[in-house]
Amino acid sequence: MSEDPWYAERRARWKPGRVRLLLVAESAPGDGGEIANRRFFYDENLTGKDGLFREVIRALYDDPTLTSRSGAKTPWLEKLKQDGVYLIDLAAVPVNYHSPSERAAALAHNIEAAVALATELAPSGVVLVKQNVFDLLERPVREAGLPLLHGAMIPFPGSGQQKRFRDRFADALARLENAD
């Protein structure tokens with residue numbers, strides 16, 4: 001199954017010419033059937049539910065103040081693009097409303113495609129976000145010769161995991177800086 005055009009267009013708009021840091025997350029968040037509820041790392045509007053975006057920006061750019069509002073992400077998305085930071089998802093479709101077995105199947109189905117895309121992007125470093133993404137992709141990413149920047153899971157920055165995300169992401173970023 002291919003990515004919904006709404007997500008694909010936004011992701012393509014912010015793709016850097018050269019990917020320095022590739023983040024791989026689980027999937028874009030589902031909207032529960034309500035398009036008005038749609039949100040995404042690459043959507044220009046910043047909401048209180050943009051935890052991954054907020055924490056990535058805070059880690060990369062010295063903890064700036066981020067205010068939820070329409071268009072608030074645009075300057076930060078421009079900065080990410082300029083700096084070669086890019087996010088892809090393991091699943092082509094949102095899986096957060098799937099049952100655990102459906103979610104696992106959707107993610108497992110996309111491993112080969114995600115690794116192929118990561119290889120094509122040829123990043124200087126790769127970060128896998130979330131336990132299930134790490135468990136599914138660590139070995140294939142390493143076998144593909146991609147530069148995985150961490151040897152332990154980096155949690156998704158929600159449900160009280162923000163500090164653990166920041167600490168582990170910072171460690172991965174330090175490895176990227178040492179590799180450059």
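Basis of the calculations
- Residues numbered from 1 in each chain as written.
- Predicted model: local features only at pLDDT ≥ 70, side-chain atom pairs only at ≥ 80, totals over all residues.
- Heavy atoms only, no water.
- Salt bridge = Lys/Arg side-chain N within 4 Å of Asp/Glu carboxyl O.
- Helix = DSSP H or I, 4+ residues; strand = E, 2+ residues; numbered from the N terminus.
- Buried < 20%, exposed > 50% of the residue type's maximum accessible area, 1.4 Å probe, protein only.
- Axes fitted to C-alpha atoms, helices over the stretch in contact; angles between N-to-C directions.
- Parallel < 35°, antiparallel > 145°, perpendicular 65-115°, else oblique.
- Left-handed = near helix turned anticlockwise from the far one by under 90°.
- Contact = heavy atoms within 4.5 Å.
- Nonpolar A, V, L, I, M, F, W, Y, C, P; charged D, E, K, R; others polar.

Trainee: Any details on the pattern of salt bridges? Residues and values, ideally.
Mentor: Per the counting criterion, the structure on display carries 17 salt bridges. For the salt bridge of glutamate 44 with arginine 13, the shortest nitrogen-to-oxygen distance reads 2.4 Å. Taken as a pair, glutamate 44 in the loop between β1 (21-25) and α2 (51-60) and arginine 13 in helix α1 (residues 5-13) lie far apart in primary sequence, 31 residues in all. The class of glutamate 44 is buried, set by a relative accessible area of 16%. Across the pair arginine 58 and aspartate 63 runs a salt bridge whose closest N-O atoms are separated by 3.8 Å. Residue class for arginine 58 comes out partly exposed when judged on its relative accessible area of 25%. Ionic contacts of the salt-bridge type, sharing partners, join the residues Glu55, Arg58, Asp63 and Arg166 into one network.

Trainee: Give a description of the packing of α2 against helix α3 (residues 74-82) that names residues and reports values.
Mentor: Where α2 contacts α3, the two axes come as close as 12 Å, and the packing angle between them is 60°. Our classification of the angle between α2 and α3 gives oblique. As for how α2 packs across α3, the hand of that crossing is left-handed. Facing α2, whose interface residues are Phe53, Val56, Ile57 and Leu60, α3 presents Trp76, Leu77 and Leu80. When the residues that make up the contact of α2 with α3 are grouped by side-chain class, the tally is seven nonpolar, no polar and no charged.

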